[in-house]
Each structure stands twice: as C-alpha cells, then as structure tokens.
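# Coordinate inspection notes
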Amino acid sequence: QRTMTIPKLEHAKTGRSTCRGCGEGIAVGELRVGIEAFVAGRVADTWQHPKCALEHCFLEVAPANRGKCKATDEPFAKGDVRLALCSKDHKTFYGLRGLGDALRPILDAVDDFGGVSEIKGFTDLDDETRAQVFTALGVDDDANAGAKKRSKRSNQTTSVSVAEVTLAKTTNKAGGKTELTLARTTRGARAAVGTPAAKATPKAPVAESPPGDGLTEFEREREAHIARNKLRMQALHIGTLAAEIETAATKTGPIQRGIGAKRKAAPKAEPGPLRRSGRVRNEAPDPNLAGGIDLERRDGTVLLANGTSTGGWNGEIERGLSRPEGPVLLASINGDESADEAFINFLRDHLGAPLKESGDFKTGTFLTAGAFNKSFDSVSKTNAKKGELAFPPTSAAGVSKSKLTLMNESVAKVVPRGVTHLDMAPYDPGGPVLVGAGDKDGNIGLWRVDNDGDGAAKEDGDGSEDGVLYFKPHGSYVCHLKWGRGGLAGKLITAAYDGAVRALDIEQKSFVELFATEDEDEFSACDVSIDGRTIHLTDNRGNYQVVDARSGKIASPAVQLHQKKINTIHLEPGAERTIATSCGDQTVCVWDVRKTGQGAKPLSLLQHSKSCQAAYFSPDGKGSLLTTCYDDLLRVWRPKGGSIDEDPKSALRIRHNNQTGRWVLPFRAVWTPGADGVVVGSMKREVEVFDAATGSLAAKLSDAERMTAIASRMAVHPTRNIIAAGTASGRIHIYR
C-alpha cells in the first residue's frame, strides 16, 4: 500500500516551531506549511511560513527516469515537469497530477506573493509546459493565481483547504438539538488524490455562526481544521486502511490444532501442610546443626562444623530406567479412554488388512516403490492401461501440476517437541490420511488428518477433536519412524536414543518391544528389512550391528564403520544387499551387508566437504543415492559398474541453503516415491521440490499464515500428491 504525502497547511498549535526557510520562529496561531523531511535519523514534519515555502520551491524538467510523485506515486519520465518543495536540503517532488494538491492551498494562503510566475524555474519552461502548470493549478493564467483572487476551480482535480471550509451551527427546533454541518464555499471535497472531480453541484449556502455561539475565532478555525482533516482522511480511505492494519495486528500465531489446542485443565492437587521453620514453631535449634556447614562435597555429602556429615547418595544413586520397559499400552497422554478406544477401533479397521497380508509375505521378496504400488491394482475401481499401474508412485511432475496448498484443518501439533521423523501410512490409496511422527523426547504422535466418520470420539475435552493422540513409548530422541511394508505391513516401527526398537501392534493395543540393548548404546539410526526379520542399527559412536527381530537378540556383534555419529542408515530397496550410511566425518559410505565384519571396507566412499546429514537410496531400486550435506549442496549419485560412482564431479549437485543453525533440526532431503524428484525444507519456511534428473526447481510450496516455522523433516505419500512437513514446534503441515 503506497503512502501519499501532501504538504500540511495549518495554524501553529504552539510557538515552538521555527521556519526552515527564514530561520525565524512561527507564532502560535500563525499559518504554517508542513513538509515531511528526513531529520535526525527519522522522517518528521518540518515547518515553514507559506511565503518562505513558495520562495524556496521551484519548477523543473525531470533530467532522467528517476523518482516518483509524492502525491500519486507515479514515476517520473525524462522531460516531465515537476514541482520541488524544499526543506533546506531535502526536496519533495510532485508531478502535474499532484502539483495542484500540493501548491494551490499554499498560494491561496499568501496575499503578497506575485503568483505562479514568481516560482523559480517557471520562466525557464516553454509555453506549452506553462499552460500545463496553469491547468494543474486550476487557473487560466497568472492573473488570477494569487490568494483570494481565483474563483474558478479545476475540472481535473479538486481539493479542500482551511480557507474553504466553514462550520455552520443549526438548531433542530423539533428535537432541540444543536448540529454541526459543513458548508463549502467554492469546491467540494475530492474523492481521491489526482482523480477527476465529480460533476459540479449547486453551491451550498454559507451558514455563518451566530454571534452568541460562544466560540472564539481560534476555536472556529480549529473546528474548520478538524473538518478539513476528516474530509482529507475520507478521501484517502484512512478508515479502511486502519481497519486492515488492525485486522492484521490481531491475527493469531500458529494454528492451535492438535495437542496444542485448549483442553480441560486437570484439577488442582490439594495443597499440603504449610512448612514452618523451627523458630516460628518456637522449637529449640538442633545443636548438631547450629555450627553450620564446613564443606559440601561433590557426591552430595555435607561436612558440618562439628565434624559430622549428612546427606549424600550413599554410594551409587538410583536413577531409574531411562526408557519404558516391556510393552507400552496405547494409552494416550492427551486423550481419555473414549478417545483411545475410538482411535484403536479406527487403527484396527485401517491396519487390519495389511496385517493379515503381512503373514503371507515371502522371504526373499523385495519391494521397490513400483512393486509395492502394484499390490493396489486389485482394489482399483478403474482398469489401468496395459503396463501401467492403477496407483503409480507419486512423482515430482504430479506434485508440480497439482498446485498443493495448505488448509487450516491440514495443520496440527502432533508431538510436544520438534519433529525428528514422520511418515504417512501407505496402505489405503483412497482412504483417510494417517500420519505418524516422533519427537526429541521419545513421544510418538498419531494424526488422523481427515478426522470424521466413525473413527473419532466427539466428547468435549477428550483430546480427540482434532484427530491427534500422542504416546510415550520411548525415553529420548526418536531416531527412526516408518510404517512397515511387506512382512511388517500394518505396523509402525520406531527406534530411539534410549536403545530400544518398538513396533505399534494394534492387535496387542501396545508398542511392543522388538529389541532393547543391555549396554548404554544410544541408537542414532535404524532400518529394517522388508521381511521384518532383520534390524540394522547404528549408534552415536559410529558402530553398526544387526539384530534378529524374531528373537530380539544380536545377530552380528557391533563393528565400528565410522569414527563419529552415524546420522542415517538405509537399505537399498532393490535387493537389500547394500546399506548406505551418512556420518559427521564428511563421508557417505555404501557397504555390502554380507561383508560388514571387523576390518570391513566400503564398496563406495563418497567424500563431502562437511558433515553429511542424510543418505537415501532411490525407491525405484536402481541404486541412485541422495545425500544432504552442510556444504549447502544436495547430491544425487548414480551407480556405475554395480556400485556408486565415487567421482564427485559425476554427482548431480543441487545448490540449497542447509545452514539451519542451532534451534532447527538439520534438513534431510527425501525422494519422491516415483524417484524423479527431491523434496526438502527451506530456510524461507517453504517446501521445495527439485527435479532429480536436472536439479531444477519443480515446485515451491508455502503458506506464510499457516506454516510459521521452518520445516526440516518431510514425508511424501506413496500414491497421492500429498506432502507432510514437520517443524521444530511439533506441528505437521499437510500440503494437498
């Protein structure tokens, strides 16, 4: 919204202002001209006598295509005539359309100024330009341009000045009320700056104030000044603009759906007995403690002045378990029993079919994105063309064409802390969207995005109004979360720094424990084979181990693959013979899962210049690898001769700002299920989709009002054009 600036003409409210033209003071009540200028580091009104303002202003021809008219915001073209109002070195320019509004009231207010021809630069203009100036001012020639001398007004623009507004005071005889009305002498209030005047209407008679109105001349001038300002504000639509600003100022912050929504407050606990000191209770002090403390040891013991000690941990402190033990029941933290039961019924209906199919999954079968989606052909209501899938994997091209947007109901706070991992259930191509998310504190949130029908409890305050329930199956940072496929279909697999791997089993209504370390291992990454029999785990010290999910025991002992924390581990979906690990040691390595014993060497070592945050194989099973690095590059590495080409120049490089800083989780770019696109968050609070073949930007998704934080973790629906973005506030945004 542009700001229009027109000189002010008013009576001085005090005698403190000084004319910037002549340097003399401006007396109280004396007319003065206010021009906005940059003074003392800010824009402020500067004041001059009207005559001084006329003496210092000048007309000129614009020397170049630079600047804009302060009244109309129209740019100047080279050769345009313009007026410059000066406040010392500061100049404010007005074009022909704004010249009348800026200069005419000042000319009207000065009796002893010769007219337009006295303005500097006027005589330098050609005859045609002078005529344009006269027309802009609403006069025929210079003879009637002085104050109190003009009777004609411009048919191009109209204005209101102090001299043209009078106040009439009339009495309503019927009601006995006194009303103030405006009467105009020669011209009406303009509708907008620089717009043509409306058709002239008969002049209203000037109502003079009765002698007994009780107002002084100054008060009448003040009322006229207020009336003029009101008319000017109406012409500039100030009321409408103020309402828009007020509306913008009252906008709420992030959408309060999900676990952040207002719930019924828990009843306050009864306060215990007040603690009172022995002095207040009139008890004698303990002589053993009267001497005070002599020394406080690191183990918590306190040595008193009398030589005795007290407190301490008495050996090892009992800190309790850092993680839940055994199965964790599906009892949500934010909902009550009715909400939990309704959600369990929904999960049983949604996950029941894939759970039954998982028992028939054959060991040795591998699922690429295309092979997985082929299983949906039997439930398709339409016949696909020969050689095509009824539900093809989601592609970057499809996402780009769909023009995905955010809705209020597609944003919810799913977990209390920052989202570390999220995934969408892939089992029903046309059914409700089910999202799972993990956070920094070990919480797992489940969100039924389309929260309607029989799967949602509707009681007030039960926590299910937004379709979000969250649980606490882990004790710390969730390092892995993924809906299972194949032999794990219908289950949500999770792992965390607390050294436990769990699976959401709806038949047992709990998060069952697949494996829990007996050592102090902090698992940093996890992946599970498609048949659900083998769990691949890495930790914060660079170690790698394999666990048998059926027995819950270690299948191969830990071996150190890197010297630092391994951020991600991923099985190649085509044959699951190789794994990719990304590490803070600036490398991404590809390993043969059959040769990961002591002294193992990588099949491919992909050197980066900074810490690598993620490495994922393409879901089409062709062996391409997508990496995310702190060197502000996303790379797509292609296979060569059965392994990844290690030559950095061979990788497709996508320039992307990955400097998330301290408070935002690092970006981790993911593939689209069609393997033709790369999806990643942005420091501009956007979701970006790149073409995996060329590196060009295919789509950019954003909504400044609904996504108010940086989304660092992404998930793409396997069959529908839906992208889920998780932020550090625990909110998930569903673009569809």
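In what follows, the structure referred to is the one given above.
Basis of the calculations
Within any chain, residue numbers begin from 1 and follow the written order of that chain's sequence. This being a predicted model, a pLDDT of at least 70 is required before a residue's local features are given, and a value of 80 or more before pairs of side-chain atoms are given or counted; all residues contribute to the totals for chains, interfaces and linings. Based on all heavy atoms of the structure, the side-chain values leave hydrogens and waters out of the count. Only runs of H or I of at least four residues qualify as helices and only runs of E of at least two qualify as strands under DSSP, and these elements are numbered from the N terminus. When checking whether two residues touch, look at their non-hydrogen atoms; a contact exists if any pair is within 4.5 Å. Using a 1.4 Å probe, the Shrake-Rupley method yields the accessible areas, and only the shown protein chains count as cover for residues. Side-chain rings of Phe, Tyr and Trp (the six-membered ring for Trp) are treated as a pair once their centres are within 6.5 Å; stacked means planes under 30 degrees apart, edge-to-face means over 60, and tilted covers the remaining angles. In this scheme, a residue with accessible area under 20% of its type's maximum is buried, one over 50% is exposed, and one in between is partly exposed, where area comes from a 1.4 Å probe on protein chains only. Charges are assigned to positions over rings by a cutoff of 6 Å between ring centre and Lys NZ or Arg CZ, combined with an angular limit of 35 degrees from the ring normal. Strands were regarded as paired on the criterion that DSSP finds at least two bridges between them. Interaxial angles span 0 to 180 degrees and are taken between N-to-C directions of axes, which are lines fitted to C-alpha atoms, for helices over the stretch in contact. The span expected for a helix works out to 1.5 Å for each residue beyond the first. The reported bend at a residue is simply the angle between two axes, fitted to the 7 residues ending at it and to the 7 residues beginning with it. Patch definition: residues above 30% relative accessible area lacking any salt bridge, with like charges linked at up to 9 Å and the nonpolar side chains Val, Leu, Ile, Met, Phe, Trp and Tyr linked at up to 5 Å. Note on definitions: salt bridges are taken to be side-chain nitrogens of Lys or Arg within 4 Å of carboxyl oxygens of Asp or Glu. Counted as positive: Lys and Arg. Counted as negative: Asp and Glu, with His and the chain ends omitted from the count. Where a charge sits is defined by one atom per residue type, namely NZ (Lys), CZ (Arg), CG (Asp) or CD (Glu). What qualifies as a polar contact is a pair of N or O atoms within 3.5 Å, subject to a donor-acceptor requirement within protein and to the restriction that residues adjacent in sequence count only when both atoms come from side chains. Oblique is the label for any angle not under 35 degrees, not over 145, and not in the 65 to 115 range, which are roughly parallel, roughly antiparallel and roughly perpendicular in turn. Helix crossings fall into two classes, left-handed where the near helix is turned counterclockwise from the far one by less than a right angle and right-handed where it is turned clockwise. Each residue is assigned to one class: nonpolar for Ala, Val, Leu, Ile, Met, Phe, Trp, Tyr, Cys and Pro, charged for Asp, Glu, Lys and Arg, and polar for all the others, Gly among them.

Next up on the list: the overall build of the chain. Each helix and strand in the chain was counted, giving eight helices and 42 strands. In the chain, of all internal contacts separated by at least 6 residues, the share reaching a separation of at least 24 is 55%. When the accessible area of the chain is evaluated, it comes to approximately 37,800 Å², of which 49% is carbon and sulfur surface.

Glancing now at the packing of aromatic side chains. Where two aromatic rings form a pair, the distance of their centres and the angle of their planes describe that pair. Taken as a whole and assessed by the stated rule, the structure comprises six aromatic pairs. Seen in terms of ring centroids, phenylalanine 343 and phenylalanine 346 are 5.8 Å apart; in terms of plane orientation they differ by 70°. Their pairing is edge-to-face. With a gap of three residues between them, phenylalanine 343 and phenylalanine 346 both fall in helix H6 (residues 337-358), about one helical turn apart. With respect to class, phenylalanine 343 is no different from phenylalanine 346; both count as buried. Between the NZ or CZ atom of arginine 32 and the centre of the ring of tryptophan 47, over which it lies, the distance is 3.7 Å.

Turning our attention to the sheet that holds strand E41 (residues 723-727). Strands belonging to one sheet form pairs held by backbone hydrogen bonds; the direction of such a pair is parallel or antiparallel. In space, the four strands of this open sheet follow the order E13-E42-E41-E40, with antiparallel pairing throughout. Of all the strands in the sheet, the pair left with one neighbour each is strand E13 (411-413) and strand E40 (711-716). Each strand axis lies, on average, 20° off the axis of its neighbour in the sheet, ignoring direction. Two strands pair when backbone bridges link them, and E40 and E41 are joined in this way by five bridges, in the antiparallel orientation. Bridge pairing in E41 links valine 716 to isoleucine 723.

Our focus in this paragraph is H6. Relative to the 32 Å expected for 22 residues at 1.5 Å per residue, H6 spans 29 Å between its end C-alpha atoms, a close match to the ideal helical length. The sharpest bend along H6 comes to roughly 45°, located at leucine 351, with the proline proline 354 sitting one to four residues further on.

The strand order across the open sheet formed by four strands is E26-E27-E28-E29, and the pairing between neighbours is antiparallel. At either margin of the open sheet sits one strand with a lone partner, and together these are strand E26 (566-571) and strand E29 (604-607). The sheet shows a mean angle of 15° between the axes of neighbouring strands, direction not considered. Relative to strand E27 (residues 578-583), E26 runs antiparallel, the two sharing five bridges. Across the sheet, the residue bridging to isoleucine 569 is threonine 581, located in E27.

By the criterion of burial, E40 is predominantly enclosed, with six of the six residues buried. Here E40 hands over to E41 after six residues, the two strands then running antiparallel side by side.

On the surface, a cluster of negative charge is made up of Glu518, Asp519, Glu520 and Glu522. Topologically, aspartate 519 is positioned in the loop between strand E21 (510-516) and strand E22 (523-528). Overall, aspartate 519 belongs to the exposed group, its relative accessible area being 55%.

Secondary-structure assignment places glutamate 283 in the loop between helix H5 (238-249) and strand E9 (293-296). Residue glutamate 283 is classed as partly exposed on the basis of its relative accessible area of 45%. Among the polar contacts made by the side chain of glutamate 283, one reaches the side chain of arginine 281 at a distance of 3.2 Å.

A full pass over the atoms with the stated rule returns 18 salt bridges. The salt bridge partner of arginine 82 is glutamate 60, with a shortest N-O separation of 2.7 Å. Taken as a pair, arginine 82 in strand E5 (residues 81-87) and glutamate 60 in strand E4 (residues 58-61) lie far apart in primary sequence, 22 residues in all. Judged by its relative accessible area of 8%, arginine 82 falls in the buried class. When the shortest N-O distance is used, the salt bridge between aspartate 703 and arginine 706 registers 2.9 Å. Arginine 706 sits in the partly exposed class, given a relative accessible area of 23%. If you follow the salt bridges from partner to partner, you end up with Glu10, Lys13 and Arg32 in one network.

Another aspect to go through is the pairing of E5. Within E5, seven of the seven residues are buried, leaving the element largely enclosed by the surrounding structure. Of the two faces of E5, the one carrying Val81, Leu83, Leu85 and Ser87 and the one carrying Arg82, Ala84 and Cys86 are both buried. Pairing between E4 and E5: four bridges, direction antiparallel. By the bridge assignment, glutamate 60 is partnered in E5 with arginine 82. In the sheet, E5 pairs with strand E6 (residues 90-94) via five bridges, with the strands oriented antiparallel. Bridge assignment links alanine 84 to a residue of E6, and that residue is phenylalanine 93. Hairpin connection from E5 to E6: two residues lie between these consecutive antiparallel strands, with lysine 88 at a positive phi of about 55°.

This paragraph deals with the packing of helix H2 (residues 96-109) against helix H3 (residues 127-137). Helix-helix packing is characterised by the crossing angle of the two axes and by the distance between the axes. Close contact between H2 and H3 brings their axes to 8 Å; oriented N to C, the two are set at 65°. When the axes of H2 and H3 are compared, the pair comes out roughly perpendicular. Seen along the crossing, H2 lies across H3 with a hand that is right-handed. Contacts from Leu96, Leu99, Gly100, Leu103, Arg104 and Leu107 in H2 reach Gln132, Val133, Ala136 and Leu137 in H3. Per-class residue counts for the contact of H2 with H3 are seven nonpolar, two polar and one charged.

You will see that lysine 88, though not glycine, has its phi angle at about 55°, which is positive. A positive phi angle, near 60°, is found at asparagine 282, a position not held by glycine. Residue position: asparagine 282 is located in the loop between H5 and E9.

Within the element layout of this structure, threonine 129 appears in helix H3. Of the residues examined, threonine 129 reaches a relative accessible area of 13% and is grouped as buried. Among the polar contacts listed, one links the side chain of threonine 129 to the side chain of aspartate 126, at a separation of 2.6 Å.

These values are about where atoms sit, not about what they do.
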